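Each chain, written out:
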Protein chains: 2
Amino acid sequence: MYSTPKEEIESRISALQSLMRQNGFEGAIILQRADLFYYSGTGQDAHLFVPVEGDPLLLVRKSFERAVADSPLQHISEVKSFSQLKQSINGTGHGIKKLGMELDVLPVNNFRIYEDLFPGTEIADVSPLVKINRMVKSPYELAIMKRAAELNTRMFSFVLEVLKEGMTEMELSAHLEAFYRQNGHQGFVRVRSFNQEVFYGHVMSGSNLAVPSCSVGPTGGPGTNASMPQGAGLKPIGRHEPVSIDYVGSVDGYIVDQARTFYVGEPPEKFVRAHNVAIAIQEAVVKRGLPGTAAEELYDISLEMAKEAELLEGFQGYPPVPFLGHGVGLELDEFPVIGRKSPHILQENMVVAIEPKFIFPGEGMAGIENTFVVTASGLKRITHFDDSIQVVPC
Amino acid sequence: MYSTPKEEIESRISALQSLMRQNGFEGAIILQRADLFYYSGTGQDAHLFVPVEGDPLLLVRKSFERAVADSPLQHISEVKSFSQLKQSINGTGHGIKKLGMELDVLPVNNFRIYEDLFPGTEIADVSPLVKINRMVKSPYELAIMKRAAELNTRMFSFVLEVLKEGMTEMELSAHLEAFYRQNGHQGFVRVRSFNQEVFYGHVMSGSNLAVPSCSVGPTGGPGTNASMPQGAGLKPIGRHEPVSIDYVGSVDGYIVDQARTFYVGEPPEKFVRAHNVAIAIQEAVVKRGLPGTAAEELYDISLEMAKEAELLEGFQGYPPVPFLGHGVGLELDEFPVIGRKSPHILQENMVVAIEPKFIFPGEGMAGIENTFVVTASGLKRITHFDDSIQVVPC
């Protein structure tokens, strides 16, 4: 089993402590699975106590042996109850007036257990600090994400082997998901936002690409039933209609987000034109994506270009979502948000998925998505499959 | 797209209102996706306001058209903001001192938005009532679950076609998951508990079946990486070792949970014996699973029988989990809990997955899982594949 290096964990903890210091936190309990893996190196069931100064304490419920094997942290104990947890944290001798927890994901009932456990302590939301910390990737993380991108390149090549007229979206999904799993994809894709569910992503064709849904992304889709109403459905794939594969590649916990459009037979001119506008938007954003640029500015550029191309209606969904892209890493909805009213300023080594997409109601979609890293010379590609519309013969 | 009948929704709402009345709630906002689908018939992005008397109001953010198509409710409006939401709920004229929300899943930050929206209103946890309501299934729901069970029967038959010595657990998973998707499985399996993640279930072999993990179930498994450390790994499947397929079948939003053990070549005697003890436990529990029986009693019976068979160590995991089974329906972790200190009393038409399992550290696992409905004559099977150990030739 793969382990995160000690220096990597140390530098992450130290960055969090620095943010905690600036924001008046004396300690934080990290609990959510992605955050816990990020700061401790293990995804086992555990609490990570991070004091604003000094060493963190990993308090493991299950499995202790595996957490010890995974994590380079020095101080790892087994705790079986909340009272043991309290004892361990209080035993560190840190006086904690303001304790951080991930209040963006922690359910109210769980929160109240910690409130009772630490009376007199203010429990405040540490998740903005965690997200700010996590949005800038290390070279180590970027190297893993490149491997996830390589898996996606192979998956997209595989589409060309299996895509046939008449197969349903679900049949195509089955082939691609099996390919992913055969190649080590963890399957589960983590999304942080409440009530959001993603299953690899969206594989859809023609009119289904324009079906709106509960999804927070530009595409929706029918899904398989009214309970899980997004993504691939039972529609057979026809000739000359867009087949969009918007799938999340994953290696060793990290993900990349990428979309390409395939056709059985030649694409209609309208969709080719919109695809080219999407590529032009991507190019403009790549150039402007410099450290110091406001994330919102990239979104504004895309709106302006969509408008100029007379493709504003349907741009980023129908109805539209107010963003062009989003951070990715351990989760699909990381910082920065490349969208309207985003407070984020681009920094070197942020990783963002940029997805200009045009929905044509009742007909389909054109567009593209790639995952990029912010560099001193603009956005640099992490995902690498050919951007062109991909055509397989009828 | 499949729709829930009007009478079904009406009877669910009426049951919730009755529980709300008994518990002093004047209204409830249902938000969580599985609950929302249960009470409204749609899984779109919406709030369902249920007053203790009178008609519920479905307030839809996205997609309004699809929610209208899905839901048989009379009063459906589009709301685009929290202030519109407040206006709509206040506009019903219901004075609400105690408002129910699903505080077992609602994150603190989201909760605070509703607190601000409804000042002077106590927001209390309605989730226990929802869970009590949902744990007893209607004939309509049972019929869907039977279809999910039929899918699982076909999936288990398919195992016999694809299982080969030397293939990895992930390769086997890839085949079975593709089979599921080709046959309409929604993919995503809903789990309600905070920080719990399930991807179809667990496919593991030999020693991997005894690897402990963060999973709340009897089996753990290595998973593919330290971030997502449960379930199938890269271990090749060998001769004469157990291959457990514990997978969740799904049709139209509903799930069943089922496990069978396969072998390439004959199973060792020790594992056959433990399998037979698991079958005997299942039989005893099936007989005792009558309306009025305490759920805990079934767990106690299983402990007693495991002890008698001198198989208590490793029973229900190593370390063990304190339950023999759990409710299933729209989610994998529904009421009732068949375990230690469970407050639940069996009622007709509850649906439970019963999973006696014996872990042999370093070696593997024996056991079985089936999904049953509680009837006047005991537990009745919903899942139907042959209970025997399944052997494919070397």
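Looking at an unreviewed UniProt entry, chain A carries the name Xaa-Pro aminopeptidase, with the source organism given as Desulfomonile tiedjei.

Let us now look at the nonpolar core. Residues Ile245 of chain A together with Ile245 of chain B are the most contacted members of the largest nonpolar core, which totals 143 residues. With twelve residues, the top contributor of residues to this core is helix α7 (residues 139–162) of chain B.

Let us look at the UniProt feature "domain: Peptidase M24" (unreviewed entry) in chain A. Per the UniProt annotation, the sites labelled "domain: Peptidase M24" (unreviewed entry) are residues 144–376 of chain A. Within residues 144–376 of chain A, the helical portion is 29% and the strand portion 23%, while the C-alpha atoms at the span's ends are 21 Å from each other.

Right, let's get into the domain arrangement of chain A. Residue and element names in this part refer to chain A. Examined at the domain level, chain A breaks down into domain 1 (6–134) and domain 2 (136–392). Distance from the C-alpha centre of domain 1 to the C-alpha centre of domain 2: 33 Å. Interface area for domain 1 against domain 2, summed over the two sides, is near 1300 Å², with a carbon-plus-sulfur share of 48%. Sorting the residues of domain 1 by area buried against domain 2 places Glu8, Lys131 and Arg134 first, and these three jointly supply 43% of that buried surface. Our count for the domain 1 to domain 2 interface comes out at five salt bridges. For Glu141, the salt bridge identified is with Arg12, shortest N-O distance 4.0 Å.

To continue, consider the sheet that holds strand β16 (residues 378–381) of chain A. Residues and elements named next belong to chain A. Strand order in the open sheet formed by five strands is β11-β10-β12-β15-β16, and the pairing between neighbours is antiparallel. Of all strands in the sheet, those bounded by a partner on one side alone are β11 (334–339) and β16. Strand-to-strand, the axes of this sheet are offset by a mean angle of 35°, without reference to chain direction. Examined bridge by bridge, strand β10 (residues 323–327) and β11 share four bridges and lie antiparallel to one another. Residue pairing in the sheet places Gly325 in a bridge with Ile338 of β11. Where helix α9 (residues 269–288) meets the sheet, it contacts β10, β12 (351–354), β15 (370–375) and β16, and its direction lies at approximately 120° from that of β16. Sheet strands in contact with helix α10 (residues 295–308) are β10 and β11, and its direction is about 40° off that of β11.

For any two helices packed against each other, one specifies the crossing angle of their axes together with the interaxial distance. Residue and element names in this part refer to chain A. Look at helix α4 (residues 82–90) against helix α5 (residues 108–117): their axes get within 11 Å of each other, and the N-to-C directions meet at 50°. By the criterion of interaxial angle, the relationship of α4 to α5 is oblique. As α4 runs across α5, the sense of the crossing is right-handed. Of α5, the residues touching α4 (which contributes Phe82, Leu85 and Lys86) are Ile113, Tyr114 and Leu117. Residues that form the contact of α4 with α5 fall into these classes: five nonpolar, no polar and one charged.

Per the UniProt record, the feature "domain: Creatinase N-terminal" (unreviewed entry) sits at residues 12–136 of chain A. Annotated as residues 12–136 of chain A, this span is 43% helix and 23% strand, and its ends, taken at the C-alpha atoms, are 10 Å apart.

The next thing to look at is the interface of chain B and chain A. Contact residues are listed per partner, giving 69 residues for chain B and 69 residues for chain A. Across the chain B to chain A interface the summed buried area is about 6000 Å²; carbon plus sulfur atoms make up 57%. The largest contributions to the chain B side of the interface with chain A come from Arg181, Phe188 and Phe194 of chain B, which together make up 12% of the buried area. Applying the counting rule to chain B against chain A returns four salt bridges. Across the pair Glu197 of chain B and Arg190 of chain A runs a salt bridge whose closest N-O atoms are separated by 2.6 Å. Remark: the boundary between chain B and chain A carries 36 residue pairs in polar contact (both at pLDDT 80 or more). It is helix α8 (residues 169–182) of chain B that provides the largest number of residues to the side of chain B that touches chain A, a total of nine residues. Residue composition of the side of chain B that touches chain A, by class: 27 nonpolar, 27 polar and 15 charged.

Residue and element names in this part refer to chain B. Taking 1.5 Å as the rise per residue, helix α10 (residues 295–308) with 14 residues should run 20 Å; its terminal C-alpha atoms sit 21 Å apart, in good agreement. Taken as a whole, α10 has its buried residues at Ala295, Leu298, Tyr299, Ser302 and Ala306. Each buried residue of α10 sits inside an arc of 100° when the element is viewed along its axis, so together they form one side. α10 presents Lys307 and Glu308 as exposed residues on the side facing more than 90 degrees away from its buried surface. With its phi angle positive at about 55°, Glu310 sits one or two positions after the end of α10.

Moving on, we come to the sheet that holds strand β7 (residues 201–205) of chain A. Residue and element names in this part refer to chain A. With mixed pairing, four strands are arranged side by side in an open sheet as β7-β8-β9-β17. Each edge of the open sheet carries a strand with a single partner, namely β7 and β17 (390–392). Each strand axis lies, on average, 30° off the axis of its neighbour in the sheet, ignoring direction. Pairing geometry for β7 and strand β8 (residues 243–251), over five bridges, is antiparallel. Looking at β8, one finds that Gly201 is bridged to Tyr247. Relative to strand β9 (residues 254–264), helix α7 (residues 139–162) is tilted by about 20°, and along the sheet it contacts β8, β9 and β17.

Let's shift gears to the pattern of salt bridges. All names here are of chain B. All told, the structure shown has 51 salt bridges over all chains when counted by the stated rule. One salt bridge connects Glu10 with Lys6, and the closest N-O pair in it is separated by 3.2 Å. Linking Glu10 with Lys6, this pair stays in helix α1 (residues 6–22), spanning four residues, or about one helical turn. Accessibility expressed as a relative area gives 44% for Glu10, which makes it partly exposed. Lys357 is paired through a salt bridge with Asp246; the nearest N and O atoms lie 2.6 Å apart.

In this structure the tally under the stated criterion is 28 aromatic pairs over all chains. Between Phe82 of chain B and Tyr114 of chain B, the aromatic rings sit 5.6 Å apart at their centres with planes inclined by 85°, giving edge-to-face as the arrangement. Here Tyr114 of chain B lies in helix α5 (residues 108–117) and Phe82 of chain B lies in helix α4 (residues 82–90), a separation of 32 residues in the sequence. On the basis of relative accessible area, Tyr114 of chain B is assigned to the buried category, the value being 4%. Counting every residue linked through ring pairs, the aromatic cluster contains Tyr180, Phe199, Tyr200 and Tyr247 of chain A together with Tyr180, Phe199, Tyr200 and Tyr247 of chain B.

With that settled, the discussion passes to unusual backbone geometry. All names here are of chain B. Omega for the peptide link from Lys62 to Ser63 comes to -5°, which places this bond in the cis form. Assignment of secondary structure puts Ser63 in the loop between β3 (57–62) and α3 (64–70). With omega at 0°, the peptide bond leading from Phe335 into Pro336 counts as cis. Looking at the secondary structure, you find Pro336 in strand β11 (residues 334–339). Positive phi is not limited to glycine here, since Asn349 has a value of about 75°. Mapping Asn349 onto the fold places it in the loop between β11 and β12 (351–354). Judged by its relative accessible area of 25%, Asn349 is partly exposed.

Parameters at a glance
Residues numbered from 1 in each chain as written. Chains lettered and ligands numbered in written order. Predicted model: local features only at pLDDT ≥ 70, side-chain atom pairs only at ≥ 80, totals over all residues. Heavy atoms only, no water. Core = buried A, V, L, I, M, F, W, Y, C linked by side-chain atoms within 4.5 Å. Buried < 20%, exposed > 50% of the residue type's maximum accessible area, 1.4 Å probe, protein only. Helix = DSSP H or I, 4+ residues; strand = E, 2+ residues; numbered from the N terminus. UniProt positions renumbered as here; feature names shortened; annotations may be inferred. Domains from an automatic or database assignment. Buried area = accessible area lost by both parts, 1.4 Å probe. Salt bridge = Lys/Arg side-chain N within 4 Å of Asp/Glu carboxyl O. Pairing = 2+ DSSP bridges. Axes fitted to C-alpha atoms, helices over the stretch in contact; angles between N-to-C directions. Contact = heavy atoms within 4.5 Å. Parallel < 35°, antiparallel > 145°, perpendicular 65-115°, else oblique. Left-handed = near helix turned anticlockwise from the far one by under 90°. Nonpolar A, V, L, I, M, F, W, Y, C, P; charged D, E, K, R; others polar. Polar contact = N/O pair within 3.5 Å; in protein donor to acceptor, adjacent residues only side chain to side chain. Expected span 1.5 Å × (residues − 1). Arc of directions from axis to C-beta. Phe/Tyr/Trp six-rings, centres within 6.5 Å; stacked < 30°, edge-to-face > 60°.

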